[in-house]
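One-letter residues, chain by chain:
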Amino acid sequence: MNIAVFSTKSYDQEYFEKYNTEYDYNFSFYETALNADTAKLSADCNVVCVFVNDVVNEETIKILSSNGIQLIALRCAGYNNVDLEAAEKAAIKVVRVPAYSPEAVAEHALALILTLNRKTHKAYNRVREGNFSLKNLIGFNLSNKTIGVIGTGKIGATFCKLLKGFGCKIIAYDIAENEELVAEGVEFFPLEEVFDQADIISLHCPLNKHTKHIVNEDSIAKMKDGVMIVNTSRGALIKTEDAIEGLKNRKIGYLGIDVYEQEENLFFEDLSEHIIQDDMILRLLSFPNVLITSHQAYFTKEAMDQITTITLENIKSFETDSELENEVK
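Let me begin by describing the structure that accompanies this report. (Residues numbered from 1 in each chain as written. Predicted model: local features only at pLDDT ≥ 70, side-chain atom pairs only at ≥ 80, totals over all residues. Heavy atoms only, no water.)

## Describing the overall build of the chain
And step 1. Along its length, the chain carries 12 helices and 12 strands.
And step 2. At 21 Å, the chain has a C-alpha radius of gyration in line with the 20 Å of a compact globule built from 329 residues.
And step 3. Overall, the C-alpha framework of the chain stretches about 60 × 50 × 35 Å when taken along its three principal axes.
And step 4. By residue count, 49% of the 329 residues in the chain fall in the buried class.
And step 5. Taking as baseline every contact in the chain between residues at least 6 positions apart, the subset at least 24 positions apart corresponds to 67%.
And step 6. Summed over its atoms, the accessible surface of the chain is roughly 16500 Å², and 46% of this surface lies on carbon and sulfur atoms. (Helix = DSSP H or I, 4+ residues; strand = E, 2+ residues; numbered from the N terminus. Rg over C-alpha atoms; globule rule 2.2 N^0.38 Å. Buried < 20%, exposed > 50% of the residue type's maximum accessible area, 1.4 Å probe, protein only. Contact = heavy atoms within 4.5 Å. Areas by Shrake-Rupley, 256 points an atom, 1.4 Å probe, with all protein chains shown as cover.)

What follows is the structure in structure tokens.
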């Protein structure tokens, strides 16, 4: 099998080469993202392997199809960047990695909460400069706080279990209640009630037409004054301009994001010597109560092992005409 891997970083190549000894596939690694302009690089390949910010729209898929691509292998869980209807018309199968170390993302969400709350990032920088003052570093106890979890799939459920250890009251919203979590004391409510009651809201749902901009002007207005919002799922769950207004009027007391709706032009790149043209990310960075990480929640050794091996197994299943357990339809 000849496989074109797009949006490749050094660690992606490292892990694929590490595990490829069992498969002996022919990889072509490209740092560039997949889109209509770069799809020509897939010539002479059977498979393209893509990541979260590759643009796999109808135009791209037409080029992939003309190049003989038969499989789009996502090395991530989300697939909102793939035009599934266009792929089906082109007879191209789409597979993904539906679950990989849910602990990785759940623990990062918790890290954002603790860092925002206790301001450890600011304390670290102060002490390095010889400033041992505690002024403006005050936080709050997580114990007895109400945490609202939007989405209780594997990552959301893992996050709930982590928060139980802090003595939090956990309320949740999902289209279907998670009975295991209910048995552990998690209470499910309608979405508006979760917004109304929660001191901290953590987003763990997929991006689709129902969840896009689930955090917007109207939903923010329903939240408690000074609410903390954390997003480690998909950037477009939050309408950025509305979040900025919420921060300006102090309705949002803390914002922690590992994803951003315009991240494809920013994240995973070193732009330290460039003039960033995205005014909204610059505005977010200007707030002292905003913490941004660049889509690193998934990035642990355990998660990379699972992402790589599941992706390779997905390709193997396609190669051997076996059932595609992780096919996206």
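## Comments concerning the sheet that holds strand S7 (residues 169-173)
The strands that make up a sheet pair up through hydrogen bonds in the backbone, lying either parallel or antiparallel.
And step 1. Read from one edge to the other, the open sheet built from 7 strands follows the order S8-S7-S6-S9-S10-S11-S12, with strand pairing classed as parallel. In the strand order of this sheet, the two ends are held by strand S8 (187-188) and strand S12 (290-292), each with one partner.
And step 2. Bridge count between strand S10 (residues 227-231) and strand S11 (residues 252-257): 5 bridges; the pairing is parallel. From the neighbouring strand, Val-227 faces S11, where its bridge partner is Ile-252.
And step 3. Helix H4 (residues 102-118) contacts strand S9 (200-203), S10, S11 and S12 of the sheet and is inclined by roughly 145 degrees relative to S10. (Pairing = 2+ DSSP bridges. Axes fitted to C-alpha atoms, helices over the stretch in contact; angles between N-to-C directions.)

## Quick word on the environment of Phe-16
And step 1. Mapped onto the elements of the fold, Phe-16 is located in helix H1 (residues 10-19).
And step 2. Placed 101 residues apart in sequence, Phe-16 and Asn-117 show a C-alpha to C-alpha distance of 38 Å.
And step 3. Apart from residues lying up to four places away in sequence, Phe-16 is in contact with Val-5, Phe-27, Phe-29, Cys-49, Arg-75, Thr-308, Thr-311 and Leu-312.

## Things to note about the packing of H1 against helix H12 (residues 301-319)
And step 1. Interaxial distance between H1 and H12 falls to 10 Å at its minimum, and their mutual angle equals 60 degrees. In this view, H1 runs oblique relative to H12, as classed from their interaxial angle. Where H1 crosses over H12, the two elements pack in a sense that is right-handed. Together, Tyr-11, Asp-12, Tyr-15, Phe-16, Lys-18 and Tyr-19 of H1 and Lys-301, Met-304, Asp-305, Thr-308, Thr-309, Thr-311 and Leu-312 of H12 make up the contact between the two elements.
And step 2. Here the residues of the contact of H1 with H12 sort into 6 nonpolar, 3 polar and 4 charged. (Parallel < 35°, antiparallel > 145°, perpendicular 65-115°, else oblique. Left-handed = near helix turned anticlockwise from the far one by under 90°. Nonpolar A, V, L, I, M, F, W, Y, C, P; charged D, E, K, R; others polar.)

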